[in-house]
Amino acid sequence: MELIENLLSVPLGWLMYFCYQLVPKYAMAIIIFTIATKIILLPISIWLQKNSVKIVAITPELNRIKAKYYGDSDTIAEETSKLYKREKYNPFSSIIPLLVQLILLMGLVQIIYNPLTFIFRGNEKVNNAIVYEVTKKEQLDFDSSSLQMQVVDYIKKYKDMSVFDSVKEKYPKADVKGLLKEIKKSDMELCGLQLGVVPSKDKGWALLIPILAGLAALFLCVAQNAINPLQAEQGALNKYGMMIFSVALSLFLAYYVPIGVGFYWIWSNLFTILQQVLLNLVINPKKHIDYEALEESKKELDELSKMAPKKKLFSRNPNADKEKRDYKKFFSVVNKHLVIYAEGNGYYKYFKDIVEYILDHTNLTIHYITSDANDNIFNMAKECEQIRAYYISERKLISLMMKLECDIFLTSTPDLDNYHIKKSILDKNIEYIFVNHAMNSDNLTLRTHALDNFDTIFCTGKHMVLEQRAIEKLYNLPEKKLVETGYCLLDNMVKNYEKMDKVKNEVKTVLIAPSWQKDNIMDLCLEPLVENILKKGYKVIVRPHPQYVRLYQEKVRSIEEKMQEKYGKMFMFESDFSSNNSVYQADLLITDWSSISYEYSFSTYKPTLFINTPMKIMNAEYDKIDVVPFDIKVRDEIGASLDVADINNAGNVVEELISKTEEYHDVIDKFKKENFFGLGEAATRSGAYIIESIKEKIAIRKKGE
């Protein structure tokens, strides 16, 4: 039995590995694995469907045999056997699904229990060494079948990785550090429970899995009795006997196997229902079965049953055809020089000035990929022949990126080659350029190693250069090209502000513009903050982050109605984000960690008050380099900061900052000039670099020819 399990676990392990790579959450990977196995086993399912339809189609003849030879079991069996041979029907085919499921379960148990082997794909000797170190340190049971799962759990909890120094020394060529990092960031849980937990041993919440597995089996039996062409025609005893057996088996298995296996069993049962619906659409029993003859034969034997209706569950993706056309169109173009990728409609603003500079100075065709089918770039492409737009969903983007051929790939999306945006396997000479979303610290606000695989970074200021060089030194990375471009959005804001008619507010106005991260101003202290400012006689505008409004519409509406009623005309909520007038015209901005503070203060030269809500840290290793993140450094340079605990003093701090607005003008201007590149020239610097780089690449190719 162990040999069979090991043989099964190898191909199934690779399948699970690819599922996990696609969605790096183990529970989700199991769901995808379940779908994949259904697809792989689809030929068997189609054969079973045909067999089921065939047996029901010959059931009238079977019933007449039973009626003709009623009571003569030997003759009935003989005549039935002849009929089966004539129709090439195998009566044992109905047990194949259960056997297949049990075989899959046997292999899956090994996969769930051994994530180091099958999910993280570590070297076997390295895995054994890691297991040995953890087992020795934590005094685990070497003979436990879930040992690897326990080891992964402990690694995720460890802060000190020095316990594995001996493994690194013993296997210097193996990427032990990378393996440990991958394990630490992995998601191997389901509702807080490790997927290797066994309900019979753990009890507690884990008992929900066998209960849900039993319910899923019950649901499957009810559905199969209604829509499976064979089971729908079975007698009540067979139907309910199979139902009791299936539910009992599901409860039993899910109670004694890891919850990850039980989780698979649940989804397998649910997907089987869906598969049956689809099979009925493809191989429609009504086209092959004479139900009138069937009913007549049933009457002869006094066996009556009812047929259940069949439903269509799926509608077609409306953007599938567009994506297919654009994918084909993209690869029909050869000699692409510049390709830009944007996640959605709101991202064009980061490329706008660069694109316009290139269009004004060259005849280059710009290939613009977006994962938003309704992106406004498609309208722009209709007006400009030099822009070609393509809709490619994030999932399809994986294959497109791996087959990409061009000179420069420009994006504001980090984590190149870490997730779905892969580097090309066909063209190793592409220059991958990252253009920033904001002016803040990438080391703090992006994931660890988010920019490691880019060749070039367009830097907004000195802090980016210092961070990247320090990161390269820390992780022993090759030096990137760090182009001192500046920030196009800041240049635009400065221009727009300079063009505006400066209107002096009759009543000093304070704009509160929180971020949308967890525990922002909206969540922690909005009401006392507003109240303290209003007491000073100032007008208050609250402009929540668009993403926060999108995620918490009802909550935002409730806050707005409550505060509007409470504070009256001196208070207003702003949910129209199409204009930045309120940002420019405010006498003071209050935020927490939003980069709107930089755009406001560096455009208007007015101070910002920062509320010290919990800091959003995307990179847990940000403090490994000796560079203070810009987000922290700037807070007391262009204004002041205030702890949430001191929020009742907000009115006094606001009053002081507004009174010193003129003094802050020169302070902010000096800070901006000292810290940012290319003020007013960001588009020129960025566009000129791209043009020159493309020219160089073309010249090199011509020289090589």
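Predicted model only: the values in this text are computed from it and were never measured.

### Focus: the sheet that holds strand S6 (residues 408-411)
And step 1. Taken together, seven strands build an open sheet; the order of strands is S5-S4-S3-S6-S7-S8-S9 and the sheet is parallel. Of all strands in the sheet, those with a lone pairing partner are strand S5 (387-391) and strand S9 (481-484), marking the two edges. In this sheet, neighbouring strand axes are inclined to one another by 20 degrees on average, regardless of whether the strands run parallel or antiparallel.
And step 2. Where strand S4 (residues 366-370) meets S5, five bridges bridge the pair, whose relative direction is parallel.

### With respect to helix H17 (residues 320-332)
For an α-helix the count is 3.6 residues per turn, leaving residues at separations of three or four pointing the same way.
And step 1. Taking 1.5 Å of rise per residue, 13 residues should cover 18 Å, and H17 covers 18 Å from first to last C-alpha, within 8% of that figure.
And step 2. When we look at burial in H17, the residues that qualify are Glu-323, Asp-326, Tyr-327 and Phe-330. Take H17 and look down its axis: the buried residues cluster within an arc of 105 degrees, on one side only. Seen from the buried face of H17, the exposed residues on the opposite side, beyond 90 degrees, are Lys-324, Arg-325, Lys-328 and Ser-332.
And step 3. At its buried positions, H17 is contacted by strand S3 (338-342), S4, helix H19 (377-383), S5 and helix H20 (394-402).

### What about the pairing of S6?
And step 1. On S6, burial covers both faces: Ile-408 and Leu-410 on one face and Phe-409 and Thr-411 on the other are all buried.
And step 2. Relative to S6, S3 is paired through four bridges, and the arrangement is parallel. The residue bridging Ile-340 from the neighbouring strand is Leu-410, located in S6.
And step 3. Across four bridges, S6 lies against strand S7 (residues 431-435) in parallel orientation. Each bridged residue has a counterpart across the sheet, and for Leu-410 the counterpart in S7 is Ile-433.

### Some points on the layout of surface pockets
And step 1. Reported here for the second largest pocket is a volume of approximately 1700 Å³.
And step 2. For the lining of the second largest pocket, the secondary structure elements donating two or more residues are helix H1 (2-22), helix H11 (176-185) and H20.
And step 3. Per element, the largest residue contribution to the lining of the second largest pocket is eight residues, and it comes from H11.
And step 4. Broken down by class, the residue content of the lining of the second largest pocket amounts to 14 nonpolar, eight polar and 19 charged.

### Points about the nonpolar core
And step 1. Among the nonpolar cores identified, the biggest contains 61 residues, and Tyr-26, Phe-120, Ile-130, Val-151 and Phe-164 are the most heavily contacted of them.
And step 2. The biggest single contributor to this core is helix H2 (residues 26-40), with eight residues.
And step 3. Counting 51 residues, the second largest nonpolar core, distinct from the first, contains Leu-534, Met-563, Tyr-605 and Phe-676.

### A closer look at the side chain of Thr-604
And step 1. Position of Thr-604 among the secondary structure elements: in helix H29 (residues 596-604).
And step 2. Here the side chain of Thr-604 touches Tyr-600 through a polar contact of 2.8 Å, landing on its backbone oxygen.
And step 3. In this structure the side chain of Thr-604 is engaged in a polar contact, spanning 3.2 Å, whose partner is the backbone nitrogen of Lys-606.
And step 4. Residues in contact with Thr-604, not counting those within four places in the same chain, are Tyr-497 and Tyr-584.

### A closer look at the packing of aromatic side chains
And step 1. Applying the stated rule across the entire model yields 25 aromatic pairs.
And step 2. On the numbers, 6.1 Å between centres and 85 degrees between planes, the contact of Phe-351 with Tyr-368 is edge-to-face. In this pair, Phe-351 is assigned in the loop between S3 and helix H18 (352-361) and Tyr-368 in strand S4, connecting sequence segments 17 residues apart. By the burial criterion, Phe-351 is buried, and Tyr-368 matches it.
And step 3. Each ring, one from Tyr-497 and one from Tyr-584, has its centre 5.8 Å from the other, and the planes form 40 degrees; the classification is tilted. Of this pair, Tyr-497 sits in helix H23 (residues 488-499) while Tyr-584 sits in helix H28 (residues 581-585), placing them 87 residues apart in sequence. When sorted by exposure, Tyr-497 lands in the same class as Tyr-584, which is buried.
And step 4. Of note, Lys-396 hangs over the ring of Tyr-327, and the distance from its end group to the ring centre comes to 4.4 Å.
And step 5. Over the ring of Trp-593 we find Arg-635, and its NZ or CZ is 3.6 Å from the ring centre.

Parameters at a glance
- Residues numbered from 1 in each chain as written.
- Predicted model: local features only at pLDDT ≥ 70, side-chain atom pairs only at ≥ 80, totals over all residues.
- Heavy atoms only, no water.
- Pairing = 2+ DSSP bridges.
- Helix = DSSP H or I, 4+ residues; strand = E, 2+ residues; numbered from the N terminus.
- Axes fitted to C-alpha atoms, helices over the stretch in contact; angles between N-to-C directions.
- Expected span 1.5 Å × (residues − 1).
- Buried < 20%, exposed > 50% of the residue type's maximum accessible area, 1.4 Å probe, protein only.
- Arc of directions from axis to C-beta.
- Contact = heavy atoms within 4.5 Å.
- 1 Å grid on protein atoms, 1.4 Å probe; cavity = no way out; pocket = protein on both sides within 12 Å on 5 of 7 lines; lining within 4 Å.
- Points joined across faces, edges and corners; volume = space filled by probe spheres on them.
- Nonpolar A, V, L, I, M, F, W, Y, C, P; charged D, E, K, R; others polar.
- Core = buried A, V, L, I, M, F, W, Y, C linked by side-chain atoms within 4.5 Å.
- Polar contact = N/O pair within 3.5 Å; in protein donor to acceptor, adjacent residues only side chain to side chain.
- Phe/Tyr/Trp six-rings, centres within 6.5 Å; stacked < 30°, edge-to-face > 60°.
- Lys NZ or Arg CZ within 6 Å of the ring centre and 35° of its normal.

Scope: geometric values only; no functional claims are made or implied.
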